[in-house]
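# Observations on the three-dimensional arrangement
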Amino acid sequence: MSALRVGVLAYPGCFASEVFGVPDLLTMATHVAGADGCGYEVSIVSPRRRVVASGGAALEVVPLREVDVLVVPGLELVPGLDVEARLAPLAPEVAAIRSYAAAGAVVVSICVGAFLLAEAGLLSRRRATTAWLLAGELARRCPDADVRPDRLVVTDTGVTTTAAFSAMYDFALDLIRRHSGAGVARATARVALLDDARSSQTPYVDPRLLPRPGNAFSHRVMRRLDQNLAARYDLAALAETFKVSTRTLLRRFAEETGQSPLEYLQAARVRRARHLLETTDRTVAGICAAVGYRDPGTFAALFARHTGRRPRDYRAAFRRAEGSS
């Protein structure tokens, strides 16, 4: 096989680490594969002559050229920021992304680079992901996209999107696996100390960082559920607390959050269990009871559905030794 041509699209304000992260891992893979391996031709491309990345790092770029894979890094974007104003100056890059896709290149976004792909119209009627913190905003801006906030890497008909920052390595390892073979990818992951078995960003989600609906009805319901985390879920009693019918409670909560109170409670219980698994020596059975479950098997299945790991496996991966008590 010939060398795979990979272009990274640099633009003003992009994260420099996301510009160089994929090329650096491909360089490692080339060394791992040796002289007989399939190589990579990597270039940092831009429609501009000069690019300054986030943090003031000046990037050396070359003019747009033909590539097999175009990687679009993320940029500084936080909840509440005017996304429209942030993306407006990047019209040349959006046009370039659209042109590469039309020419048949595989287009890949890292983190919130997905917003540029959305501007180029590439996420329409496709499955996609992005950083969990901004997945809701991407879904609002691109309502005909199927945004999967739990996924690390999503590929749909020639367009790949990834979760936040370190997910660029999950994509790069998959690219290496496809181009250079599973053995090279596995060895590269070992050299770089990367986890090549991740499948979900759910274990990293911290709902406390997500925008909340202020003094809205659902916020008050959430607070009530949070305060009674271990209590038996009783929809009728919950509705009575807020002087509404169960039907009204379900409708209003779903309108404001997109989920049911029970779904929120289950996620809150898992969040509390994650904290206890990370920071205490309590047994899994004890943690199960502390968050409102009598059957450890039911709890373990729910926990695995939310995090992608069984409780004991989660503790082994995320235990904070310095915080044990």
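Now for a description of the structure that goes with this document. Note that the coordinates shown come from a computational prediction; the quantities given were computed from them, not determined experimentally.

The number of helices and strands found in the chain is 14 helices and 10 strands. Taken along the three principal axes of its C-alpha coordinates, the chain extends 65 × 40 × 35 Å. Of all 325 residues assigned to the chain, the portion counted as buried reaches 44%. Surface exposure of the chain reaches about 16,000 Å², of which carbon and sulfur atoms provide 51%. For the chain, the distance from the average position of its 42 positive side-chain charges to the average position of its 33 negative side-chain charges is 7 Å.

This brings us to the packing of aromatic side chains. Applying the stated criterion across every chain, the model contains 6 aromatic pairs. Both rings, one in Phe303 and one in Tyr314, keep their centres 5.3 Å apart while their planes meet at 85°; by these two values the pair is edge-to-face. Here Tyr314 lies in helix H14 (residues 311–318) and Phe303 lies in helix H13 (residues 296–307), a separation of 11 residues in the sequence. Each ring, one from Tyr314 and one from Phe318, has its centre 4.6 Å from the other, and the planes form 25°; the classification is stacked. Linking Tyr314 with Phe318, this pair stays in helix H14, spanning 4 residues, or about one helical turn. Across the ring face of Phe217, the terminal group of Arg252 is positioned such that the distance to the ring centre comes to 4.0 Å. One Lys or Arg, Arg269, reaches over the ring of Tyr293 and ends 4.9 Å from the middle of that ring.

As a further point, take helix H7 (residues 182–192). Among the residues of H7, Val184, Ala185, Thr188 and Ala189 are the ones counted as buried. End-on view of H7: buried residues confined to an arc of 135°, all on one side of the axis. Along its buried surface, H7 packs onto helix H1 (16–33) and helix H6 (167–180). Count one or two residues on from H7 and you reach Leu193, which has phi positive near 60°.

The next subject is the environment of Thr162. Positionally, Thr162 belongs in strand S10 (residues 159–162). Distance in space between the C-alpha atoms of Thr162 and Thr129 is 5.8 Å, their sequence separation being 33 residues. Beyond its immediate chain neighbours, meaning those up to four positions away, Thr162 contacts Ser109, Ile110, Cys111, Thr129, Thr130, Ala131, Leu152, Val153, Ala167, Met168 and Phe171. There is a polar contact of 3.2 Å between the side chain of Thr162 and the backbone nitrogen of Cys111.

What counts and what doesn't
- Sequence order as written defines the numbering, with residues in each chain counted from 1.
- The model is predicted, so local features are restricted to residues of pLDDT at least 70 and side-chain atom pairs to those at 80 or more, both for listing and for counting; the totals for chains, interfaces and linings are taken over all residues.
- Side-chain measures were taken over the full set of non-hydrogen atoms in the model, leaving aside hydrogen atoms and water.
- Only DSSP runs of H or I with at least four residues qualify as helices, and only runs of E with at least two residues qualify as strands; both kinds are numbered from the N terminus onward.
- For the exposure calls, accessible area comes from a 1.4 Å probe over protein chains only, and a residue counts as buried if that area is under 20% of its type's maximum, exposed if over 50%, partly exposed in between.
- Only the protein chains shown count as covering a residue, and every accessible area follows the Shrake-Rupley method with a 1.4 Å probe.
- Charge assignment: positive for Lys and Arg, negative for Asp and Glu; neither His nor the chain ends contribute.
- To locate a charge, take NZ of a lysine, CZ of an arginine, CG of an aspartate or CD of a glutamate.
- In summary, the pairing rule links any two rings of Phe, Tyr or Trp, Trp by its six-membered ring, whose centres are within 6.5 Å, and it sorts them by plane angle into stacked for under 30 degrees, edge-to-face for over 60 and tilted for everything else.
- Two conditions define a charge sitting above a ring: the NZ of Lys or the CZ of Arg must be within 6 Å of the ring centre, and it must be within 35 degrees of the ring normal.
- Relevant arc is that of directions from the helix axis to the C-beta atoms, nothing else.
- The contact definition used throughout considers only heavy atoms, calling two residues in contact when any of these lie within 4.5 Å.
- Counting of polar contacts relies on pairs of N or O atoms within 3.5 Å, with two restrictions inside protein: one atom must be capable of donating a hydrogen and the other of accepting it, and residues adjacent in sequence are counted only when both atoms are side-chain atoms.

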